Amino acid sequence: RQQQEKLQFTGRLITMGEMASTLAHELNQPLSAIASYSTACLNMIEHGDVRPPELKEPLSKMNVQARRAGTIIRRVHEFVRRSEPKRVSCSLDDIVEEAAGLIEADARKRDIRIVSVLAGNLPPVLADRAMIEQVLLNLIRNGMDAMATCPPERRRLLIETGADAEGVQVAVRDAGDGIPPDVAEKLFSPFFTTKPDGMGMGLNICRSIVELHRGRLWFESAGEYGTVFILKLPADD
């Protein structure tokens with residue numbers, strides 16, 4: 001169990017390492033805006049012709065950008081921090097929003113549109129938020145990878161939540177070319193990967209995390225294009 005926990009933590013660090021350049025770019029935008037607004041305020045003060053109300057707008061914009069940067073840092077910190085698995089009653093919709101927010105910059109960089117359709121008022125699940133977020137990030141990034149060679153109009157990733165008698169679920173649907181049968185049968189195997197620089201641990205770790213939560217993780221064909229991965233967890237009664 002300790003080795004499994006270490007492996008899951010390593011998986012989180014690998015995910016963040018792969019996203020580092022995108023996150024750095026995303027942080028640079030609000031920081032540049034703050035520098036620009038603060039310079040404008042200082043110039044107004046130095047010229048001595050400023051009135052307090054005139055400072056309100058640039059200071060308000062600085063505040064918004066600072067909060068934006070803080071949100072990005074908080075999401076990264078909560079995702080990678082080392083801690084014992086801690087299951088709490090939580091909303092799967094909230095976890096989806098956090099994961100989508102964390103990967104939003106990467107999606108924009110790849111010209112991929114992420115659409116979240118959240119059911120709302122779902123039964124809570126008993127889960128370690130960071131672990132389930134790790135699973136979702138892996139599924140979302142895999143879906144984006146699957147659409148790397150698609151025409152721009154097809155680059156749409158759909159994330160849907162819902163519930164039925166068996167539990168609460170989230171489905172991640174890409175519009176790629178699908179998974180060939182010979183790959184499908186080995187997809188969750190340790191060290192199997194179709195990526196040139198992949199370690200082959202992503203989906204194996206994901207399934208281990210989901211099973212640790214007494215849930216299921218599987219995939220289905222999404223029709224003409226793509227694949228849908230479905231993560232289902234028991235509701236917290």
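Scroll up to find the structure.
Residues numbered from 1 in each chain as written. Predicted model: local features only at pLDDT ≥ 70, side-chain atom pairs only at ≥ 80, totals over all residues. Heavy atoms only, no water.

Student: Where do I start with the environment of isoleucine 95 in this structure?
Tutor: As for its placement among the helices and strands, isoleucine 95 is situated in helix 3 (residues 92-109). Distance in space between the C-alpha atoms of isoleucine 95 and glutamine 134 is 9.9 Å, their sequence separation being 39 residues. (Helix = DSSP H or I, 4+ residues; strand = E, 2+ residues; numbered from the N terminus.)

Student: Just checking my understanding: could you explain the packing of helix 3 against helix 4 (residues 129-146) for this structure?
Tutor: Packed helix pairs are specified by the crossing angle of their axes together with the interaxial distance, meaning the distance between the axes. Relative orientation of the contacting elements helix 3 and helix 4 amounts to 45 degrees, with a least axis distance of 9 Å. In terms of orientation, helix 3 and helix 4 fall into the oblique class. Seen along the crossing, helix 3 lies across helix 4 with a hand that is right-handed. Judged by residue contacts, Leu92, Asp94, Ile95, Val96, Glu98, Ala99, Leu102, Ile103, Asp106 and Ala107 of helix 3 engage Arg129, Ile132, Glu133, Leu136, Leu137, Ile140, Arg141 and Met144 from helix 4. The residue makeup of the contact of helix 3 with helix 4, split by class, is 12 nonpolar, no polar and 6 charged. (Axes fitted to C-alpha atoms, helices over the stretch in contact; angles between N-to-C directions. Parallel < 35°, antiparallel > 145°, perpendicular 65-115°, else oblique. Left-handed = near helix turned anticlockwise from the far one by under 90°. Contact = heavy atoms within 4.5 Å. Nonpolar A, V, L, I, M, F, W, Y, C, P; charged D, E, K, R; others polar.)

Student: Can you help me understand the pattern of salt bridges in this one?
Tutor: When their charged atoms lie close together, side chains carrying opposite charge are able to pair. Under the defined criterion, the tally for this structure stands at 10 salt bridges. Between arginine 51 and glutamate 54 there is a salt bridge, with the nearest N and O atoms lying 3.2 Å from each other. Since its relative accessible area comes to 55%, arginine 51 is described here as exposed. A salt bridge links aspartate 177 to arginine 154; its shortest N-O distance comes to 3.2 Å. One end of the pair, aspartate 177, is in the loop between strand 5 (167-173) and helix 5 (181-184); the other, arginine 154, is in the loop between helix 4 and strand 4 (156-164), and 23 residues separate them in sequence. Assessed through its relative accessible area of 62%, aspartate 177 is described here as exposed. The structure contains a network of salt bridges with shared partners spanning Asp164, Glu166, Arg216 and Lys232. (Salt bridge = Lys/Arg side-chain N within 4 Å of Asp/Glu carboxyl O. Buried < 20%, exposed > 50% of the residue type's maximum accessible area, 1.4 Å probe, protein only.)

Student: How do you make sense of the sheet that holds strand 7 (residues 227-233) when you look at a structure like this?
Tutor: The strands making up a sheet are joined through hydrogen bonds of the backbone, oriented either antiparallel or parallel. Taken in spatial order, the 5 strands line up as 2-4-5-7-6 in an open sheet, and their pairing is mixed. Both outer strands of the open sheet, strand 2 (113-117) and strand 6 (216-221), are each paired with one neighbouring strand and no more. Looking at each pair of strands side by side, their axes are set apart by 20 degrees on average, direction ignored. (Pairing = 2+ DSSP bridges.)

Student: What should I look at first to understand the pairing of strand 5 in this one?
Tutor: Of all 7 residues making up strand 5, 5 are buried, and the element is well covered by its neighbours. Across 7 bridges, strand 4 lies against strand 5 in antiparallel orientation. Each bridged residue has a counterpart across the sheet, and for glycine 162 the counterpart in strand 5 is glutamine 169. In this sheet, strand 7 lies alongside strand 5 in antiparallel orientation, the contact comprising 6 bridges. Its bridge partner being in strand 7, arginine 173 is matched across the sheet by valine 228.

Student: Looking at this model, I keep getting lost on helix 4. Mind explaining?
Tutor: Side chains of residues three or four places apart in an α-helix project in the same direction, reflecting 3.6 residues per turn. Over its 18 residues, helix 4 runs 26 Å from end to end, which matches the ideal 26 Å to within 8%, given 1.5 Å per residue. For helix 4, the tally of buried residues reaches 14 of 18 residues, placing the bulk of the element in the interior. Its side-chain oxygen 3.0 Å from the backbone nitrogen of methionine 131, aspartate 128 forms the N-cap of helix 4. (Expected span 1.5 Å × (residues − 1). Polar contact = N/O pair within 3.5 Å; in protein donor to acceptor, adjacent residues only side chain to side chain.)

Student: Honestly, the environment of glycine 176 in this entry has me stumped. Any pointers?
Tutor: Tracing the sequence through the fold places glycine 176 in the loop between strand 5 and helix 5. Once residues within four sequence positions are removed from consideration, glycine 176 is found in contact with Ala146, Met147, Cys150, Arg154, Tyr225 and Gly226.

Student: Mind showing me how you'd approach the packing of aromatic side chains here?
Tutor: Aromatic ring pairs are reported here in terms of the distance separating the ring centres and the angle at which the planes meet. In the structure shown here, the tally under the stated rule is 1 aromatic pair. With a centroid separation of 5.4 Å and 40 degrees between ring planes, the pair formed by phenylalanine 219 and phenylalanine 229 is classed as tilted. Here phenylalanine 219 is found in strand 6, whereas its partner phenylalanine 229 is found in strand 7, with 10 residues between them in sequence. Classification of phenylalanine 229 as buried rests on a relative accessible area of 8%. Lying across the ring of tyrosine 225, arginine 154 places its NZ or CZ 3.7 Å from the centre. The ring of tryptophan 218 carries the charged tip of arginine 216 above its face, separated from the ring centre by 4.1 Å. (Phe/Tyr/Trp six-rings, centres within 6.5 Å; stacked < 30°, edge-to-face > 60°. Lys NZ or Arg CZ within 6 Å of the ring centre and 35° of its normal.)

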